[in-house]
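Descriptive analysis of the structure
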Amino acid sequence: MGLREAIKAKKFIVTSETAPPKGTDIFRMVEDARPLAGKVDAVNVTDLQSAVMRLGSLAGCYMLKQAGIDPIFQLTCRDRNRLALSSDLLSASALGIGNVLILTGDHPASGDHPGAKPVFDLDAVQLLNVARGLCQGRDMSGNKLNGKPDFCLGAVVNPCAEPIEPELIKMRKKIDSGAQFFQTQAVFDVERFGLFMDKVSKYNVPVIAGIVLLKSAKMALYMNDNVAGIYVPKALIERIDTAADKQKESVGIACGLIGRLKNICDGVHIMPIGWERLVPDIVDRAGI
Amino acid sequence: MIVTRKKETEVILGMLKGYKSVFLIGCAQCATMCKTGGEQQLCDMQALLEAEGKVATGKAILDPACHLVKVKQFAYQNKDAIKGADAILALTCGDGVQAIKDGIMGKTVLPALDTLFLGEFERGGHFSQKCVLCGECIIDKTDAICPITMCAKGLLNGPCGGSKNKKCEVDREKDCAWILIYERLKVLRKLENMEKIACPRDYSLQSRPQKVIV
Ligand code: SF4
Ligand code: SF4
């Protein structure tokens, strides 16, 4: 099922994610993603994730579509001004890409071209409004379009941000600006995530919880120290640290989290960070 | 005020290569406050140049260097000293360098300083940037905290989701501007300001160069 249909059918949504290569060899990315066809509803293609220069999301989405996978075009405000963002949205539509996830984007300072000029001409709320306007046949200046896109628009939210209220205010603005679904930052602490869901379920917009495959204790500690809103509980860190087969344990942890999340949110977004091959097994074992 | 910093000595000497005699100009306002273009810095520069075998034909501190009429008056009164110099080295902000160029015709003017930002003087030697001169001030909505300047991404509708321990994703030493704004508005019971969607900015207001006539 494609993402739009999955949202409409109110089924438990399953999405995953892939990153385009640093270079032109896109075939490995497509081959890695191929087993996801039929297993997940849609696959995000990241847009210069962590501000590291690589092949673009739009090309990646097109290749996934050719392979029979419903892509989600990630579009960040970091690199393009309003002209380029609007134009890329039209291009996506012309290539038959129907889902767009709009994000602020990491600052270039954290990537591999730290001297790049950060653009941020629009922020995520404003870009959602622009995308919605394009779907209504108008550009930002009110000019009429010759043919208009029809996007399923999404946005992101960090459920464990601290303090949470400004994040909720921004989430409401994103909904008012046309966000039809939300994908979240990685969730490891289901109880805390549950508190967030208590606050946002009244917004009546599907929330798809982020699942990051935990690869090692080192990765967990790094995320706890450096990534906003990620808290890997001690028990999970010990579990992955002492596991003989880390991949197997990682799948087990993900399935456990999904099992507990199943009843409190509208779907899961599995971010395999290189372990794409494990995703079909997780989907099968979690029974989603 | 305009915050400046002295260029590396090698860089200054590099740009003065080929010029034997130099006239030095500082500024009594910002550059003096920044300790980059005051009396002491001019003396230091003179000593440095003389140690390199150059001749300082004179030095002066304009008040301020960015005042074209004053530069012209100064040029008239100091014709000879200026005439005898191969180049002018300006210990002023970039605007000062250009006002000197406009006011003292026919002389090469070189910048000894890097011009950094419009800043607040916090205390001796401490300056901080609070405004990037965006052309349309919006901080009535954020209780006088400028998100265009203080948020590393210049966001207008709330935090980017990357802040940790209330610090900015880009620099964990700096406060997240949007959390500061949120906390201020909350105390003032003005959170509705944050709930309103802020429209994209009109960057044509920052088109360059600008000119104002009053
Ligand atoms: S909004 Fe910010 S950058 Fe613009 S004028 Fe006001 S303080 Fe300066
Ligand atoms: S962490 Fe806060 S200040 Fe830093 S870029 Fe994000 S919103 Fe702006």
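Residues numbered from 1 in each chain as written. Chains lettered and ligands numbered in written order. Predicted model: local features only at pLDDT ≥ 70, side-chain atom pairs only at ≥ 80, totals over all residues. Heavy atoms only, no water.

**Concerning the site of ligand 1**
For clarity, the cut-off: Any residue with a heavy atom lying within 4 Å of a molecule or strand is counted as near it. Residues are sorted three ways: Asp, Glu, Lys and Arg are charged, Ala, Val, Leu, Ile, Met, Phe, Trp, Tyr, Cys and Pro are nonpolar, and all the rest, Gly among them, are polar.
Taken together, Cys 131, Val 132, Leu 133, Cys 134, Cys 137, Ile 138, Ile 139, Cys 146, Ile 148 and Thr 149 of chain B make up the full set of residues adjacent to ligand 1. Partitioning the shell around ligand 1 into residue classes produces nine nonpolar, one polar and no charged.

**Some details on the sheet that holds strand 3 (residues 55-62) of chain B**
All names here are of chain B. Note the following rule: Pairing between two strands is assigned when DSSP locates at least 2 bridges connecting them. Per the convention used, a helix needs a DSSP run of H or I reaching at least four residues, while a strand needs a run of E reaching at least two, with both numbered from the N terminus. For helices, the axis comes from a line fit to the C-alpha atoms of the stretch in contact; other axes are also lines fit to C-alpha atoms, and the angle between any two N-to-C directions lies between 0 and 180 degrees. A contact between two residues is defined here by any heavy atoms of the two lying within 4.5 Å.
Taken in spatial order, the four strands of this open sheet run 3-2-4-5, and their pairing is parallel. With one partner strand each, in any of the chains shown, strand 3 and strand 5 (108-111) form the two edges of the open sheet. Averaged over all pairs of adjacent strands, the angle between strand axes in this sheet comes to 25°, irrespective of strand direction. Running over the sheet, helix 3 (residues 39-51) touches strand 2 (21-27), strand 3 and strand 4 (87-90) and is turned about 170° from strand 3.

**Observations concerning the interface of chain A and chain B**
Convention followed: The term buried area refers to how much accessible surface (probe radius 1.4 Å) is lost by two components on association, counted for both of them together. Salt bridges are identified by distance alone: a Lys or Arg side-chain nitrogen within 4 Å of an Asp or Glu carboxyl oxygen.
At the junction of the two partners, chain A supplies 34 residues and chain B supplies 28 residues. Between chain A and chain B, a total of about 2,300 Å² is buried, with carbon and sulfur atoms accounting for 55% of that surface. A per-residue breakdown of the area chain A buries against chain B is headed by Gln 126, Ile 169 and Lys 173 of chain A, which together make up 22% of the total. One can count one salt bridge joining chain A with chain B. Here Arg 172 of chain A ties to Glu 195 of chain B by a salt bridge, and the two come within 2.5 Å at their closest N and O atoms. Counting residues per element, the ones that place at least two in the side of chain A that touches chain B are helix 5 (124-135), helix 6 (165-176) and helix 8 (217-226) of chain A.

**What to know about the site of ligand 2**
Neighbouring residues of ligand 2: Cys 151, Ala 152, Lys 153, Pro 159, Cys 160, Ser 163, Cys 168, Glu 169, Cys 176, Ala 177 and Trp 178 of chain B. Grouping the amino acids of the shell around ligand 2 by side-chain chemistry returns eight nonpolar, one polar and two charged.

**Looking at the sheet that holds strand 7 (residues 126-129) of chain B**
Residue and element names in this part refer to chain B. With respect to topology, three strands assemble into an open sheet ordered 1-6-7, the strand pairing being antiparallel. The open sheet has two edge strands, strand 1 (2-6) and strand 7, and neither has a second partner. Strand after strand, the sheet turns through a mean of 65° between neighbouring axes, direction not considered. Here four bridges tie strand 6 (residues 113-123) to strand 7, and the two strands are oriented antiparallel to one another.

**Some details on the packing of aromatic side chains**
Residue and element names in this part refer to chain B. Here is the rule we go by: Any two rings among Phe, Tyr and Trp, with Trp reduced to its six-membered ring, count as a pair given centres within 6.5 Å; such a pair is stacked if its planes are under 30 degrees apart, edge-to-face if over 60, and tilted if neither. Under the scheme applied here, a residue whose accessible area is under 20% of the maximum for its type counts as buried, over 50% as exposed, and between as partly exposed, the area being computed with a 1.4 Å probe on protein chains only. Comment: the charge-over-ring label is applied if NZ (Lys) or CZ (Arg) is within 6 Å of the ring centre and within 35 degrees of the ring normal.
Applying the stated criterion to the full structure yields three aromatic pairs over all chains. Relative to Phe 74, the ring of Phe 23 has its centre 6.0 Å away and its plane inclined at 55°; by these criteria the two rings are tilted. Of this pair, Phe 23 sits in strand 2 while Phe 74 sits in helix 4 (residues 68-77), and the two are 51 residues apart along the sequence. Judged on exposure class, the residue Phe 23 and its partner Phe 74 are both buried. Across the ring face of Tyr 76, the terminal group of Lys 79 is positioned such that the distance to the ring centre comes to 4.1 Å.

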